[in-house]
Structures are given as C-alpha cells and as structure tokens.
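Letter by letter, the chains look like this.
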Number of protein chains: 2
Amino acid sequence: MISLEQNILRGIKQVLGNSKEFTALHEPEFTGNEWNIVKDCLDSTFVSSVGKYVDRFELVLAEYTGARYAVAVVNGTAALHIALLLAGVRTGDEVLIPALSFVATANAVAYCGAVPHFVDSDWSTLGINVPSLGEHLQQSSQVEDGNLINRFTGRRIAAIVPMHTYGHPVDMSSLLDLANTYNLPLVEDAAESLGSTYKGQHTGTLGLLGTLSFNGNKVITTGGGGAILTNDDKLARQAKHLTTTAKRPHRWEFFHDEVAWNYRLPNLNAALGCAQMESLPEFLRLKRQLAHRYREVFEGINGVEFVDEPINSQSNYWLNTLRLNEPSSQLRDLVLAVANSAGYQCRPTWTLLNKLPMYADCPRSQLTVAERLEASLINVPSSAALARNCYKSDA
Amino acid sequence: MISLEQNILRGIKQVLGNSKEFTALHEPEFTGNEWNIVKDCLDSTFVSSVGKYVDRFELVLAEYTGARYAVAVVNGTAALHIALLLAGVRTGDEVLIPALSFVATANAVAYCGAVPHFVDSDWSTLGINVPSLGEHLQQSSQVEDGNLINRFTGRRIAAIVPMHTYGHPVDMSSLLDLANTYNLPLVEDAAESLGSTYKGQHTGTLGLLGTLSFNGNKVITTGGGGAILTNDDKLARQAKHLTTTAKRPHRWEFFHDEVAWNYRLPNLNAALGCAQMESLPEFLRLKRQLAHRYREVFEGINGVEFVDEPINSQSNYWLNTLRLNEPSSQLRDLVLAVANSAGYQCRPTWTLLNKLPMYADCPRSQLTVAERLEASLINVPSSAALARNCYKSDA
C-alpha cells in the first residue's frame, strides 16, 4: 500500500503536472499593463511620496473592496500597526489575536506597546474560533468602568483582530456579535484575503478598520505594500496623517503635530499596484479554477482533505491548503520533505505565535484546535498561472 | 535701492535662468539605466523580499561608502529606528539629537520608547555644535555605574545622533572625541549626505552605525528607501535580522526569535537604486558645479551668504542653502514668498523640533544658534540637472 505522503505527492502531481523544474508556492505575474504603467511613472520622475499613482491606487482599492477609504502604505505590517493605534490600542493594553497567524499580527500589537492575547482557531475556517473566544472572555474578563479587563492580568482588552487565513473568511457575523457584546473595536487583518468576501462584503470592510498586504507572495503585489481600509471619514484622515509624518499642509513650512510614521507607499510601488489591480479578476478566476482542481483530486485521497471556502464566504484561495485528518507534525514534515524534494514548494502553517520566545508569556485561551491545525496544515503551490495547465495534466 | 528679497530673487535667476515654468527644489533624474534595470526586475518577477537587486544594491552602497556592510531598508526613518535599537537605545533613555533636523530624527528616538534631548547647532556646519554640547553635558549630566545620567531627569543618555544637514558634514573629529569621553555610541543620520565625506571618510561610516535615505527628494532615489551602514559584523547581521521579521533560516519553518520589523527594501526599489548609483558620480559633479555658481553669484549680494561646505569636508550639496546675515523669520518668509511666487521652489529649514507639540517638553540645551539658523536658512533649487544650464544663463 502506498504511504499517505506518497499519495499526497501523487495528488499534487496530478493537479500540477510532472514538474520538471521547481514549482514555487506563490509567484507574482506581470503580464498586463505593469511595464507601461511603471515606465510612465519613471518617465514622470514622480516615483516617491508624491504622484498620481498613490491616489489612483487608493481609489481603485476603495472601489474594489467597497470601503469608503483606502490609505496605501509601505506594507501590511505598517497598515496593521496604524489601524490598531486608530482603534485606540495603547501601551499596556491587550489585543485578542489568533495564535495561528503570521508573526506580523503579533508584532503590530507589540509596536503599540500592547500585549497579544492569543485565542483559538476554528478547524473549518482556520480563523478565530468564535464560540471558544466567547467562553474564554466570559471566564477570564470583566467590564470595569466601561472597559473590558482581563481578570488575571488586570490589563484592558482593547480590540479583536480576526485574520482571514490563506484567504478564507472568518465567521464574521458571530464575531461581530461578540465584539458588540463586549464593545470591542474589530480590526480585520485582511493581509491574505484581497478578493475574499463574507456574505458579499469584502473582507477588511466589516470591522472598524481593515488592512491589506501586497507583498510579493500575495494575490497581487506592489513589491512591498499594504493599505488601511475604513468607512470612517475621520479615521481615514487620521490614517493618512499618521502614515505621512503628521505634517500639517503648508506651502513651505515644516510643522508636524504628533509622533507619526513614514509609512506612505512610494508612487513607483503604487504604479505597479494599479496595473496589478487590472489583472486581479483574472487572477481570482484562475486561482478558483486551481482550487477546484485540488478539491477534485484530493476528494479521492484518504487521510487528507482540501480546505474549502467557509459557508457564506467566497475565498480568494490565496494559498491552497491541505489538512491531515489526523494531526501529526511528523507526518506533516514527511509530506513537506517529499513534496519539496520533488520540486513542489510546500510549507507548514506558522509556528503558533505563543510558542515564539518573545510571546511565550503572553495571555492566551486554550488553543486545542490551533495546536491540531498546526500539525495538520500544508500549503501547496497556488500561483494563478498554474491553473492554465491544471486540466491538461489529467491524463 | 532694491530690497534684499528682490536682490536674492535676482541672484537665483542669475544662477538658474528666467524660469518660464516651475523650478522644483529637488527633482530626481532617470536618464541612465533605470528603465533597463527596473524592466529586468519586473521580467524576473522577483520584485519583493527576495531578489538579486537588494544584494547588489547593498554591495554597491558598501563599496561606495567604504562601510563594511550596508543593509537596505524601506526608508531612512526605519534605518535610524533600527540603528538606534542596535546602539542600545531602550525605553526611558534619552538620545542627544540636534533641534535643527527633520522630524524623522526625533521620531526614530520615540519609536524606541526613548526621549529626544535637543542640542544646539553650529552656525557654519549647520550640524551639532560640539563645544556647546560639551559644556551642556558637563553642566547637566554625571556618570553613574558607567552610565551617563541626565541630572535633571534622572534618565540615561544612551547615544548621540549627528545629522549632516543638507549634506554638510558635522565636525566629526571633535564630536567623536566628546562621544569617547562620555562613552556614548554615535549613530550618524546621513539621510541627506550620500556622497559627502569628512576627512576623506564617507559620512555615516565614522560612528558605530550610520543611516542613509533614498527618498524621492534625495541625491539618488529608490522611490522610498534607506540603508543602515556599519563596520561591525555582528551589528550588520542583527540589522538584517531585525529588519526581516527575525525569521530563523529554515527550508520551510516559520520561527521568529524576537520582536522585529518588516523593514526590508523591496527588490523593485533596490533595482532602481542600482541604476541610480551608476549616475551618482555625475549627479555629484553637477551639484558641485551648481553650488559653485550659487556661491559665485551670492558673493556679490550683501546681507546674505551661500552656505559653503565645512573645512575638512566635501559636501554633496544636497540642498543649496542661503543664510541671512541677520536672522529674521519675517525677512526669510518674504524671500520665500517672492521666490516661490516667481516659480522657484524655495523653503525654510525645519521648525525646530523642540517647538513641535509632541516634543515640547523634552530636555534640551540652550539652542541660541539653532534659533538663529531657523530664522536665517533658505533652501534654493538644487537638482543636479539645473547645473547643465547654469553657466549659460549668465548673460
């Protein structure tokens, strides 16, 4: 009998064809107007802090996501940092974030002088486990003077940050209910979910603020880049102000009115983003097709399943993901070794954030499901371009 | 008799010719290999966190400046933030910086949780006034357990940050002596001084660490970008680690071992930087020629002088600067109004940092000279390209 790891490799090959070279986990594609727009940007000499492409990119992002405002910044981490500050996170606060996330989610909390408070994930959505969070808050927190206080640390809990893992939307209706119950602002880390919707609304637009990332491995890229989304006029103005050194407009004077950041996206990167946004619908179509093919193939393989988009949701399928039926980090590593050696770049999910040395002492709920997911999830090659061949290799 | 402001405008016109349109303060120029290299970068699809141009740009910067290591980052502010952390600046410390600087110098200190401690400037170099700083430290600080303590605040003074204003090097020999006396690490803010040397050594390489900026208004640009310079192996490794989320190298695992930042320069921006570095010697030659012309013309105008490079130094003349003999913010604003209305973009120096609301309560020495400079300095158009015409317009 063939081993599960060999069976999984066979499945990957069935989807992607026999890789003669290396198949990357996720590669960007510049087959649209990228050259033309970037060249126009260079020719204009406006490549930096001033230029039409930043404005245009922000308008396109707002229009696409349905957010009233988008503020382009230098990367997704910077976006989350500022969004948390704008949500009122202050030194000494705690912020509820999933233990299963990229380190940037926790780092952005730390930049505010606040402490991550880790919560469990859901086996199906891979995002915050809302019932578990509800129970945890009931057992471990209390309201004092209108603030939610962690009874064990005495610190204020200032916000909740759902992260839409690999593009799969969190169960937002339940989470919004819970956030309302506790009067907690909700900041969506939508770094991975450009193009993903929950009940028809774009991820990142359901909370007070949301953030996007356009790193090189994302659905679209600006080299490095991110954005803050919000429907609130005042927060949008503050986001722009805080990310551009808080300089008061003046013909020549330098007057800055608060401690602020140099987080604006250069016009050169925004130009690339404008071109990439033109291709986004096609990328999403292809990625959906690739996901469909993975689902189809892995339905026939016992012991592992394809992570499908949650109900009420449309996922961008940023990273296609397999989930072992029986969590086992040993088996997971075996699959990774076999697949990577065969030239298919696969990776595990992130080490749970509470296991990293700098966050080891942070408060947390029980993390039973996150622990199981950590030992089960495997990302498989997901570039949009791979869909172009995936039905040819079925022979 | 013609007024001084009209006389100054006449001088600017004599240098630059009769501007039919708008002459910007400083514009980038992409007349070299910019497009070829950026296109190659796009064609490779490596535009983001991985790619050959980041490595190449770092090597070119190290070679050019003579630093053993250069670590490319997302902008000059980020570079200074990390350099200060690496110099040992911690929450609650004070850092000595000139009150006459761009706000980023103070912000980088604030990001570390530390407090800027403002010091006076020198009338001639526009940088830190070393004798004044020496006196100030003698009067207001004392050594306790090997640390320099501010006697009035009780806080540790952790570092000195000289900033080479408009490209003019600080009197580094004296400052290094003073830093040694007090055992203070010296972090050079060389954001404005790529191409400037002090006694033959490139600015940013004389202290423990130095930082550069490649913002759109600088001598060369990467859209947005910066770099950390150091001769220290360990600090260079730490700089790379801290600016790339502190991820331990592994084939697939995500393990980050400290709170760190997403500050790496995207490969796309590094590609632009590689091309710009090829043009740097020519830019510096042209800028020197333009400075020479300003000097020549303003020698003949009473009441104002051209700010020349300090002794022992070669300046990049990033921004050519006029200095009113008699400080007067009223007269300065009159000159700015007249020149800007005539289409020559001119600007004052920065509002002294101790006058900004968020830094108003920070410790400081007397700032007599900085106050006088604030009311005297006027930056005039300085793009390298302007030199190509400046001797033609002499008729």
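Residues numbered from 1 in each chain as written. Chains lettered and ligands numbered in written order. Predicted model: local features only at pLDDT ≥ 70, side-chain atom pairs only at ≥ 80, totals over all residues.

Novice: So what about the relation of the copies chain B and chain A? Which residues, and what values?
Specialist: One copy of the chain maps onto the other through a rotation about an axis followed by a shift along the same axis. When chain B is fitted to chain A, the best match, at an RMSD of 0.0 Å, comes from turning it 180° and sliding it 0.0 Å along the axis. Given the turn and translation reported, the copies of this chain are related as if by a two-fold rotation axis. (Least-squares fit on C-alpha atoms with pLDDT ≥ 70 in both.)

Novice: Report on helix 8 (residues 233–242) of chain A, specifying residues and quantitative values.
Specialist: All names here are of chain A. Of all the residues in helix 8, the buried ones are Leu 235, Ala 236, Gln 238, Ala 239 and Leu 242. Buried residues of helix 8 fall within an arc of 165° about the axis and therefore sit on the same side. In this structure, helix 8 carries Asp 233 and Lys 234 as exposed residues pointing more than 90 degrees from its buried face. Those residues of helix 8 that are buried lie in contact with strand 1 (69–73), helix 4 (76–86), strand 10 (209–213) and strand 11 (226–230). (Buried ≥ 20, exposed ≤ 12 C-beta atoms within 10 Å, placed from the backbone. Helix = DSSP H or I, 4+ residues; strand = E, 2+ residues; numbered from the N terminus. Arc of directions from axis to C-beta. Contact = placed C-beta atoms within 7 Å.)

Novice: A description of the sheet that holds strand 16 (residues 377–380) of chain A should follow, citing residues and the corresponding values.
Specialist: Residue and element names in this part refer to chain A. Spatial ordering of the open sheet is given by 12-14-16-15, a layout of four strands whose pairing is antiparallel. The open sheet has two free edges, formed respectively by strand 12 (304–306) and strand 15 (347–348), since each of these has just one partner strand. In this structure, strand 15 lies alongside strand 16, joined through two bridges in antiparallel fashion. The residue of strand 16 that forms the bridge with Arg 347 is Asn 379. Its contacts with the sheet place helix 9 (residues 267–298) against strand 12, strand 14 (320–324) and strand 16, and it is angled at close to 155° to strand 12. (Pairing = 2+ DSSP bridges. Axes fitted to C-alpha atoms, helices over the stretch in contact; angles between N-to-C directions.)

Novice: Can you explain the domain arrangement of chain A? Please cite residues and give values.
Specialist: Residues and elements named next belong to chain A. The domain boundaries assigned to chain A delineate domain 1 (4–29 + 279–394) and domain 2 (34–276). Spacing between the C-alpha centres of domain 1 and domain 2 amounts to 25 Å. Listed per partner, the contact involves 36 residues of domain 1 and 46 residues of domain 2. Breaking the side of domain 1 that touches domain 2 down by element, the ones donating at least two residues are helix 9, strand 13 (313–314) and helix 11 (368–374). (Domains from an automatic or database assignment.)

Novice: Please give an account of the pairing of strand 1 of chain A that cites residues and values.
Specialist: Among the five residues of strand 1 of chain A, five are classified as buried, and the element is accordingly described as predominantly covered. By the alternation rule, side chains of strand 1 of chain A split into Tyr 69, Val 71 and Val 73 of chain A and Ala 70 and Ala 72 of chain A, which are all buried.

Novice: Pulling in residues and values, what's your account of the nonpolar core?
Specialist: Counting 272 residues, the largest nonpolar core has Ile 82 and Leu 84 of chain A together with Val 73, Ile 82 and Leu 84 of chain B as the members making the most contacts within it. Residues contacting Leu 84 of chain B, with those up to four places away along its chain left out, are Val 89, Val 95, Ala 108, Val 109, Cys 112, Ala 159 and Val 187 of chain B. (Core = buried A, V, L, I, M, F, W, Y, C linked by C-beta atoms within 7 Å.)

Novice: Residues and numbers for the sheet that holds strand 5 (residues 147–150) of chain B, please.
Specialist: Residues and elements named next belong to chain B. An order of 3-2-6-5-4 is seen for the five strands of this open sheet, with the pairing classed as mixed. Both outer strands of the open sheet, strand 3 (115–119) and strand 4 (141–144), are each paired with one neighbouring strand and no more. Each strand of the sheet is rotated relative to its neighbour by a mean of 45°, with strand direction disregarded. Strand direction decides the pairing type here: strand 2 (residues 94–98) and strand 6 (residues 156–160), joined by three bridges, are parallel. Opposite Glu 94, over in strand 6, you have Ile 157 as the bridge partner.

Novice: Report on unusual backbone geometry, specifying residues and quantitative values.
Specialist: Backbone geometry places Asp 145 of chain A, a non-glycine residue, at a positive phi of 50°. Of the residues examined, Asp 145 of chain A has 6 C-beta atoms within 10 Å and is grouped as exposed. In this structure, Ala 246 of chain B is a non-glycine residue whose phi angle is positive, near 50°. When you line up the elements, Ala 246 of chain B lands in the loop between helix 8 (233–242) and helix 9 (267–298). On the basis of neighbour counts, which here come to 21 C-beta atoms within 10 Å, the residue Ala 246 of chain B falls in the buried class.

Novice: Can you tell me about the interface of chain B and chain A, naming the residues and giving the values?
Specialist: At the junction of the two partners, chain B supplies 50 residues and chain A supplies 50 residues. Secondary-structure elements contributing two or more residues to the side of chain B that touches chain A are helix 2 (34–44), helix 5 (103–111), helix 9, helix 10 (329–341) and strand 15 (347–348) of chain B. Among the elements that make up the side of chain B that touches chain A, the one with the highest residue count is helix 2 of chain B (five residues). Here the residues of the side of chain B that touches chain A sort into 24 nonpolar, 18 polar and eight charged. (Nonpolar A, V, L, I, M, F, W, Y, C, P; charged D, E, K, R; others polar.)

Novice: Pulling in residues and values, what's your account of the confidence of the model for chain A?
Specialist: Overall, the prediction assigns chain A a mean pLDDT of 96, with 98% of residues at 70 or greater. Per the prediction output, this complex has pTM 0.96; the corresponding ipTM is 0.94. (pLDDT = per-residue confidence, 0-100.)

Novice: Mind laying out the packing of helix 1 (residues 4–16) of chain B against helix 10 of chain B, listing which residues take part and the relevant values?
Specialist: Residues and elements named next belong to chain B. Two elements in contact, helix 1 and helix 10, have axes whose closest approach is 9 Å; the angle formed by their N-to-C orientations is 45°. In terms of axis orientation, helix 1 runs oblique to helix 10. Classified by chirality, the crossing of helix 10 by helix 1 is right-handed. Residues Leu 4, Glu 5, Gln 6, Ile 8, Leu 9 and Ile 12 of helix 1 touch helix 10, and the partners they reach there are Leu 331, Leu 334, Val 335, Val 338 and Ala 339. Of the residues contributing to the contact of helix 1 with helix 10, the split by class is nine nonpolar, one polar and one charged. (Parallel < 35°, antiparallel > 145°, perpendicular 65-115°, else oblique. Left-handed = near helix turned anticlockwise from the far one by under 90°.)

Novice: If you had to explain the packing of helix 2 (residues 34–44) of chain A against helix 9 of chain A to someone new, which residues and values would you point to?
Specialist: Residue and element names in this part refer to chain A. Packing of helix 2 against helix 9 leaves a shortest axis separation of 8 Å and a crossing angle of 155°. When the axis of helix 2 is compared with that of helix 9, the two are roughly antiparallel. Here the hand of the crossing between helix 2 and helix 9 comes out right-handed. Packed against helix 2, whose contacting residues are Glu 34, Ile 37, Val 38 and Cys 41, the element helix 9 presents Asn 267, Leu 268, Ala 271, Leu 272, Cys 274 and Ala 275 at the interface. For the contact of helix 2 with helix 9, the class distribution of residues is eight nonpolar, one polar and one charged.

Novice: Mind laying out the pairing of strand 2 of chain B, listing which residues take part and the relevant values?
Specialist: All names here are of chain B. Across the five residues that make up strand 2, a large majority, five, are buried. Judged from the five bridges that link them, strand 2 and strand 3 form a sheet pairing that is parallel. Directly across from Val 95, in strand 3, lies its bridge partner Pro 116. After leaving strand 2, the chain enters helix 5 and then returns to the sheet as strand 3, a path that is right-handed. (Right-handed = clockwise from strand over helix to strand, strands pointing away.)

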